[in-house]
Amino acid sequence: MRVIARERLKPDKGIPFSTDHLRRLEKKGLFPRPIKLGANRVAYLEEEIDAWLESKAAERSGEAA
């Protein structure tokens, strides 16, 4: 299991959203929620981020709604 820090989402996964926008999406259930690693540190499970990206690609190609 690998984790990705919030600031690494853009360079590592191509997700250009700001921290505020990510929090809004998370609150609405539209983006994976992070796990808390410490008092001031969160990260995302890479497999959940990859699954989210795959779902977005599937939506684009009409494979899923």
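Please read these numbers as outputs of a predicted model, since none were measured by experiment.

### As for the nonpolar core
Membership of the largest hydrophobic core is limited to nine residues, which are Ile4, Leu9, Ile15, Leu22, Leu25, Phe31, Tyr44, Ile49 and Trp52. Put simply, the parts of the chain that give this core at least two residues each are helix 2 (19-28) and helix 3 (46-61). Isoleucine 15 has contacts with Leu9, Lys10, Phe31, Ile49, Trp52 and Leu53, leaving out every residue within four places of it along the chain.

### Here we look at the sheet that holds strand 1 (residues 3-5)
In sheet architecture, strand pairing relies on hydrogen bonds along the backbone and comes in two forms, parallel and antiparallel. Spatial ordering of the open sheet is given by 1-3-2, a layout of three strands whose pairing is antiparallel. Each having just a single partner strand, strand 1 and strand 2 (35-38) make up the two edges of the open sheet. Direction aside, the axes of adjacent strands within the sheet are offset by 45° on average. Note that strand 2 and strand 3 (residues 41-45) share three bridges and pair antiparallel.

### Focus: the pairing of strand 3
Looking at chain direction, strand 1 and strand 3 are connected through three bridges and run antiparallel. Directly across from alanine 5, in strand 3, lies its bridge partner alanine 43. In this structure, the hairpin formed by strand 2 and strand 3 is closed by a connection of two residues.

Rules used throughout
Residues numbered from 1 in each chain as written. Predicted model: local features only at pLDDT ≥ 70, side-chain atom pairs only at ≥ 80, totals over all residues. Heavy atoms only, no water. Core = buried A, V, L, I, M, F, W, Y, C linked by side-chain atoms within 4.5 Å. Buried < 20%, exposed > 50% of the residue type's maximum accessible area, 1.4 Å probe, protein only. Helix = DSSP H or I, 4+ residues; strand = E, 2+ residues; numbered from the N terminus. Contact = heavy atoms within 4.5 Å. Pairing = 2+ DSSP bridges. Axes fitted to C-alpha atoms, helices over the stretch in contact; angles between N-to-C directions.

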